[in-house]
Amino acid sequence: MSLDSSALLALQNAAIGDSFELLCFLRNAGYLAAHYVDSLALWWPNAGSFEVIVGAILVQNAQWERAKLALANLYERDLLDVVHIASLAPEVLQSLIAPAGLYRKKSLVLQQLCAAIARDFGDFETMRELCTREWLLCQKGIGQESADSILCYALLREEMVADRYAYKILRLLGYTFEGYAEIKEWLVHGIYANREKALALYGSGASLQRVFARFHGKIDEFAKENRL
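Each chain has its residues counted from 1, following the order in which its sequence is written. Totals for whole chains, interfaces and linings use all residues, but because this is a predicted model, local features are given only for residues with pLDDT of at least 70 and pairs of side-chain atoms are given and counted only at 80 or more. Excluded from the side-chain calculations are hydrogens and water; all other atoms, namely the structure's heavy atoms, are used.

Engineer: Could you clarify how one ought to interpret the environment of L108 in this entry?
Structural biologist: In DSSP terms, a helix is any run of H or I states spanning at least four residues, a strand is any run of E spanning at least two, and both are numbered starting from the N terminus. Its place among the elements puts L108 in helix α7 (residues 103–120). For the pair L108 and L93, spaced 15 residues apart in sequence, the C-alpha separation works out to 9.2 Å.

Engineer: Is there a simple way to think about the nonpolar core in this case?
Structural biologist: Proteins that are soluble and globular tend to have nonpolar side chains buried together. The criterion is simple. A nonpolar core is a set of buried Ala, Val, Leu, Ile, Met, Phe, Trp, Tyr and Cys residues joined through side-chain atoms within 4.5 Å. Partly exposed describes any residue whose relative accessible area lies between the buried limit of under 20% and the exposed limit of over 50%, with all areas from a 1.4 Å probe on protein chains only and scaled to the type maximum. If you look at the biggest cluster of nonpolar residues, it comprises 83 residues, and the most contacted ones within it are M127 and L187. It is helix α14 (residues 208–225) that provides the largest number of residues to this core, a total of eight residues. We call two residues in contact whenever any of their non-hydrogen atoms come within 4.5 Å of each other. Ignoring anything within four residues of it in the chain, the contact list for M127 reads I53, I117, F121, W135, L136, L155 and R157.

Engineer: Any chance you could explain helix α4 (residues 64–76) here in plain terms?
Structural biologist: Each α-helix turn comprises 3.6 residues. Residues three or four places apart therefore point the same way. A helix is expected to span 1.5 Å for every residue after the first. Between its first and last C-alpha atoms α4 spans 18 Å; for 13 residues at 1.5 Å apiece the expected length is 18 Å, and the two agree. Regarding α4, the residues found buried are A67, A70, L71, N73 and L74. Buried residues of α4 fall within an arc of 150 degrees about the axis and therefore sit on the same side. Exposed residues lying more than 90 degrees from the buried face of α4 are Y75 and E76. Arc definition: it is the arc formed by the directions from the helix axis to the C-beta atoms.

Engineer: Whenever I open this one, the pattern of salt bridges confuses me. Can you help?
Structural biologist: Note on pairing: side chains with opposite charge can pair once their charged atoms come close. Salt bridge, as used here: a side-chain nitrogen of Lys or Arg that lies within 4 Å of a carboxyl oxygen of Asp or Glu. A complete count under the given rule lists six salt bridges for this structure. Across the salt bridge formed by E76 and R77, the nearest N and O atoms sit 4.0 Å from each other. Two residues, D120 and R119, come together in a salt bridge whose shortest N-O distance is 2.9 Å. Overall, the relative accessible area of 37% leaves D120 in the partly exposed class.

Engineer: What's the story with unusual backbone geometry in this structure? I'm lost.
Structural biologist: The phi torsion of most residues other than glycine is negative, and most of the peptide bonds are trans. Notably, N46 is not glycine yet its phi reads approximately 55 degrees, a positive angle. One can find N46 in the loop between α2 (19–28) and α3 (50–58). Residue N46 is classed as partly exposed on the basis of its relative accessible area of 33%.

Engineer: Help me understand the packing of helix α11 (residues 164–172) against helix α12 (residues 180–193) in this model?
Structural biologist: Relative orientation and spacing of two packed helices are given, respectively, by the angle between their axes and the distance between those axes. Whenever a helix is involved, its axis is fitted only over the stretch in contact; in every case the axis is a line through C-alpha atoms, and angles between N-to-C directions fall within 0 to 180 degrees. Closest axis-to-axis distance for the α11/α12 pair is 11 Å, and the angle between their directions is 75 degrees. Taken together, the axis directions place α11 and α12 in an arrangement best described as roughly perpendicular. Contacts from A166, Y167 and L170 of α11 reach α12 at I183, W186 and L187. Among the residues forming the contact of α11 with α12, the class breakdown is six nonpolar, no polar and no charged. Relative orientations are named as follows: roughly parallel for angles under 35 degrees, roughly antiparallel for angles over 145 degrees, roughly perpendicular for angles from 65 to 115 degrees, and oblique for any other angle. Residue classes follow a fixed rule: Ala, Val, Leu, Ile, Met, Phe, Trp, Tyr, Cys and Pro count as nonpolar, while Asp, Glu, Lys and Arg count as charged, and any other residue, Gly among them, counts as polar.

Engineer: How do you make sense of the side chain of D148 when you look at a structure like this?
Structural biologist: Counting through the fold element by element, D148 comes out in helix α10 (residues 144–154). Excluding residues within four positions of it along the chain, D148 makes contact with R133, E159, M160, V161, Y180 and K184.

That's the geometry; what it means functionally is another story.
Structure below.
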């Protein structure tokens, strides 16, 4: 990986030893600044809503801008809820989410997931209270990254997302990992080891859910801006 920006050089020269130090580096560099408030306070748009679940499926193997177009199609037709998506004719749903790519596969995943939510929880509000990571991983088309994205940003749980951008940043820092679980363990370990310091960064009443949500957002914004 070539180092072609001052930000990448600064990161590599920071001698970062754990995830808390990485969080502080990204925060001090200005990532997720003041404009990330209100509906973007936790970085993912409209965190805490059912929309996040749909977005987590649509963004698989797609750029977020393409997923946003598909979400907008559903939003404009007032279809962003469990019952509507589960009951739509497959060809209709496929046409609406086509901008996100892989629309046949994603349509099937969304409809099966919504049917499972309705069957096991009744509605999204109950799902927020009762859903587990194990339940999510048992659903077709939901891998570890999607499950953690849903837990953190839709269900507002204390969960860290370890995506490809995190992998690229940690590789740049000289770390190597076997897979998703090891990357996630590195990302959360330094935060838990410095829990009070991490919470203090976000003021009175802050939670680790907020820390993890913002941390993941900082990682992604840094990686995108520096074309990792």
